[in-house]
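Tertiary structure, described
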Amino acid sequence: MANPSKVKTFNIQAAVLRTGSPLKIESLELEGPNDDEILVRIVASGICHTDIGFVDGWDGTANPVVLGHEGAGVVEQIGKHVKGVKRGDHVVLSYQSCGRCRACRRGHPFDCEYFWEANFGFHRLDGSNALHRSGVRGHFFGQSSFATHALATERNLVKVPKSLPLELLAPMGCGLQTGAGTVINSLKVRKGKGIAIFGTGAVGLAAVMAARVVGADPIIGVDIKPIRLKLARELGATHIIDNRRHDIASHITRITGSGIDYVLDTTGDQEMFEITIRTLNRKGILALLAGNESAGSLSEGRKVISVIQGDAVPQRFIPNLIRLYQTGRFPFDRLVKFYNFSKINTAIADAKSGETIKPVLRISKE
Ligand SMILES: [Zn+2]
Ligand SMILES: [Zn+2]
């Protein structure tokens, strides 16, 4: 630990989650950066359903927190052990990992043994908290990006080209990586194989675009919201099913003539799980993304896998997604709607109602 008298502090603005009230932008004191940290001025942050889950489920038994885990911004200061970035670099922030456990050493940070603590612990892995002077907890996903500034490390930061607007790249760090990574890295969907995607929000639509990139056929989008289904169709779904009006299982059978090779479920709904089991081909794989299920084997070689962050190493995968975007093959800009930081509660409400697929907060000028 640094000598407390020498610790630098910054005044920042952050959206704070307290009990019984909407998020409120407050002035806080942020300490840092530590030797292995980077102080990033946040230009924009996506809002993801994990943030919303915390807002809705906050019971107030713990101190207030700063959420946000799809930050993008400009490097403002670096700790003395930081080698890979310099002041002025443009960066996208992603999930955090420890860097020391067996999975991290094998190059699989998405399987980090300390994943929960590093991303949902609201403190650094050494237990310290850079917002403690304000009585607030940060470090959500190693960032807490609903703020004008965030501390990251080289493990959860990705340098990005300056030729693209940072505000557009913000959602790369979680939702888009998760959807596309599940198709490309976890399921390894190949050309000509069929995939059904349950839930066509930001994660599901990223999966649709990735399925088109790898040449999957058919690509079946399932949702209850006509606007999202229309977008799924435009982004690469060969078929869409409105499951409020149609039976999913019989539709999939009609489309494929048999069953489906892969299912990606973003809904976590038990009913969807049962439908999947009935429609999956022999040796087919179901990928669960809602986070609370367990993996396992089913009859006739079918498998269920539970995927975290699309099995993606951000420093490799996000640049790949950016290249796909630049060549017109991953048009994720179609999902994004921008909001001023002060409208964070409106942005969350629009995401919950389904009116906006991927809200992105504009926090400071690039
Ligand atoms: Zn680890
Ligand atoms: Zn997320």
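Overview of the structure. (Residues numbered from 1 in each chain as written. Chains lettered and ligands numbered in written order. Predicted model: local features only at pLDDT ≥ 70, side-chain atom pairs only at ≥ 80, totals over all residues. Heavy atoms only, no water.)

1. Focus on unusual backbone geometry
Rule in force here: Helix numbers and strand numbers start at the N terminus; a helix is a DSSP run of H or I with at least 4 residues, a strand a run of E with at least 2. Buried residues are those whose accessible area, probed at 1.4 Å on protein chains only, stays under 20% of the maximum for their type, while exposed residues exceed 50% and partly exposed ones sit between those limits.
Cis peptide bonds are those with omega within 30 degrees of zero, and the linkage from Gly32 to Pro33 qualifies with -5°. Here Pro33 shows up in the loop between strand E2 (24–31) and strand E3 (37–46). Pro218 follows Asp217 through a cis peptide bond whose omega is -5°. Structurally, Pro218 is set in the loop between helix H6 (202–214) and strand E10 (219–223). The backbone of Glu300 sits at a positive phi, close to 55°, despite the residue not being glycine. Within the secondary structure layout, Glu300 lies in the loop between strand E14 (296–297) and strand E15 (303–306). Exposure remark for Glu300: the relative accessible area of 47% places this residue in the partly exposed category.

2. A look at the sheet that holds E14
What counts is decided by this rule: Pairing between strands requires that DSSP locate at least two bridges from one strand to the other. Contact criterion: two residues are considered in contact whenever any of their non-hydrogen atoms come within 4.5 Å of each other. What counts as an axis is a line fitted to C-alpha atoms, over the stretch in contact for a helix, and the angles between N-to-C directions run from 0 to 180 degrees.
Strand order in the open sheet formed by seven strands is E11-E10-E9-E12-E13-E15-E14, with mixed pairing between adjacent strands. Strands at the two margins of the open sheet, each flanked by one partner only, are strand E11 (239–242) and E14. Alignment of E14 against E15, held across two bridges, turns out to be antiparallel. For Gly296, the partnering residue across the bridge sits in E15 and is Val304. Together, E10 and E11 form the strand contacts of helix H7 (residues 226–235), whose direction differs from that of E11 by roughly 170°. Here helix H9 (residues 270–279) sits on the sheet and contacts strand E9 (195–198), strand E12 (260–265), strand E13 (280–288) and E15; the angle it forms with E13, its principal contact strand, is near 155°.

3. Overview of the coordination of the zinc ion (ligand 1)
Selection rule: A donor here means an N, O or S atom no more than 2.8 Å from the metal, or no more than 3.2 Å when the metal is Na, K or Ca. Since water is not included, a site may seem to lack partners. Only two sets of limits are used to name each site, 85 to 135 degrees for every angle of a tetrahedral four-donor site, and over 155 degrees for opposite donors with all other angles from 65 to 115 for a square planar four-donor or octahedral six-donor site, with any other site named irregular.
In the first shell of the zinc ion (ligand 1), the protein supplies Cys98 (SG), Cys101 (SG), Cys104 (SG) and Cys112 (SG), at 2.3 to 2.4 Å from the metal. Angles of 105 to 117° at the metal separate the four donor atoms of the zinc ion (ligand 1), which places the site in the tetrahedral class. Written as a sequence motif, the donor arrangement for the zinc ion (ligand 1) is C-x2-C-x2-C-x7-C. Residue Cys98 is found in the loop between strand E6 (90–93) and helix H2 (102–105), and its partner Cys112 is found in the loop between H2 and helix H3 (115–120); the two are separated by 14 residues along the sequence. The residues Cys98 and Cys112 share a single accessibility class, namely buried.

4. Some details on the sheet that holds strand E4 (residues 65–66)
Judged by pairing direction, the sheet is antiparallel, and its three strands sit side by side in the order E2-E1-E4 without closing on themselves. Each edge of the open sheet carries a strand with a single partner, namely E2 and E4. Note that strand E1 (residues 9–17) and E4 share two bridges and pair antiparallel. Directly across from Val16, in E4, lies its bridge partner Val66.

5. A word on the pairing of E11
Inspection of the sheet shows E10 paired to E11 by four bridges, in the parallel sense. Pairing of Val222 across the sheet is with Ile241, part of E11.

6. Thoughts on a negative patch on the surface
Note the cut-off: Residues form patches when they are more than 30% accessible in relative terms and have no salt bridge. Like charges link within 9 Å. Nonpolar side chains (Val, Leu, Ile, Met, Phe, Trp, Tyr) link within 5 Å. We get accessible surface area from the Shrake-Rupley algorithm with a probe of 1.4 Å; when it comes to residues, only the shown protein chains can shield them. Every case where a carboxyl oxygen of Asp or Glu lies within 4 Å of a side-chain nitrogen of Lys or Arg is listed as a salt bridge. Positive charges come from Lys and Arg alone, negative charges from Asp and Glu alone, with His and the N- and C-terminal ends not counted. Lys charges are placed at NZ, Arg charges at CZ, Asp charges at CG and Glu charges at CD.
A cluster of acidic residues, Asp35, Asp36, Asp126 and Glu154, forms a negative patch on the protein surface. By the secondary structure assignment, Glu154 is in the loop between strand E7 (149–153) and strand E8 (157–159).

7. Regarding helix H8 (residues 248–256)
In an α-helix, one turn spans 3.6 residues; hence positions three or four apart end up facing the same way. Just so we agree on the cut-off: Throughout, the arc means that of the directions going from the helix axis to the C-beta atoms.
Of the residues making up H8, those classed as buried are Ile248, Ala249, His251 and Ile252. In an axial view of H8, the angular spread of the buried residues amounts to 165°, which keeps them on one side of the axis. At its buried positions, H8 is contacted by E9, E10, E11, E12 and H9.

8. A short note on the pattern of salt bridges
Here the structure, examined in full by the defined rule, presents 15 salt bridges. Two residues, Glu29 and Arg133, come together in a salt bridge whose shortest N-O distance is 3.7 Å. Of this pair, Glu29 sits in strand E2 while Arg133 sits in the loop between H3 and E7, and the two are 104 residues apart along the sequence. Overall, the relative accessible area of 25% leaves Glu29 in the partly exposed class. Taking the relative accessible area as the measure of exposure, Arg133 reaches 40% and is therefore partly exposed.

9. A look at the nonpolar core
What counts is decided by this rule: In these notes, a set of buried Ala, Val, Leu, Ile, Met, Phe, Trp, Tyr and Cys residues joined through side-chain atoms within 4.5 Å is what counts as a nonpolar core.
Among the nonpolar cores identified, the biggest contains 55 residues, and Val183, Leu187, Ile195, Ile219, Phe330, Phe332 and Leu335 are the most heavily contacted of them. Examining the composition of this core, we find that nine residues originate from one element, H6, more than from any other. In this structure, Phe330 is in contact with Leu176, Ala180, Ala206, Met209, Ala210, Leu321, Leu324 and Tyr325, ignoring residues within four places of it in sequence. Leu23, Phe122, Val136 and Ile348 belong to the second-largest nonpolar core, a separate cluster that totals 54 residues.

10. Quick look at empty space enclosed by the protein
Our working rule: Only protein atoms enter the calculation, which uses a 1 Å grid: trapped sets of points that fit a 1.4 Å probe without letting it out are cavities, open sets showing protein on both sides within 12 Å along at least five of seven lines are pockets, and any residue with an atom within 4 Å of a point is a lining residue. Grid points are joined across faces, edges and corners, and a volume is the space filled by probe spheres set on the points. Note on residue categories: nonpolar means Ala, Val, Leu, Ile, Met, Phe, Trp, Tyr, Cys or Pro, charged means Asp, Glu, Lys or Arg, and polar means any other residue, Gly included.
A full pass over the atoms with the stated rule returns two cavities of 30 Å³ or more. The volume enclosed by the largest cavity comes to roughly 90 Å³. No other element matches E7, which puts three residues into the lining of the largest cavity. For the lining of the largest cavity, a count of residues per class yields eight nonpolar, six polar and no charged. Taken together, His49, Gly201, Ala202, Arg228, Ala351, Gly354, Thr356 and Ile357 make up the lining of the second largest cavity. Counted by class, the lining of the second largest cavity contains three nonpolar, four polar and one charged residues.

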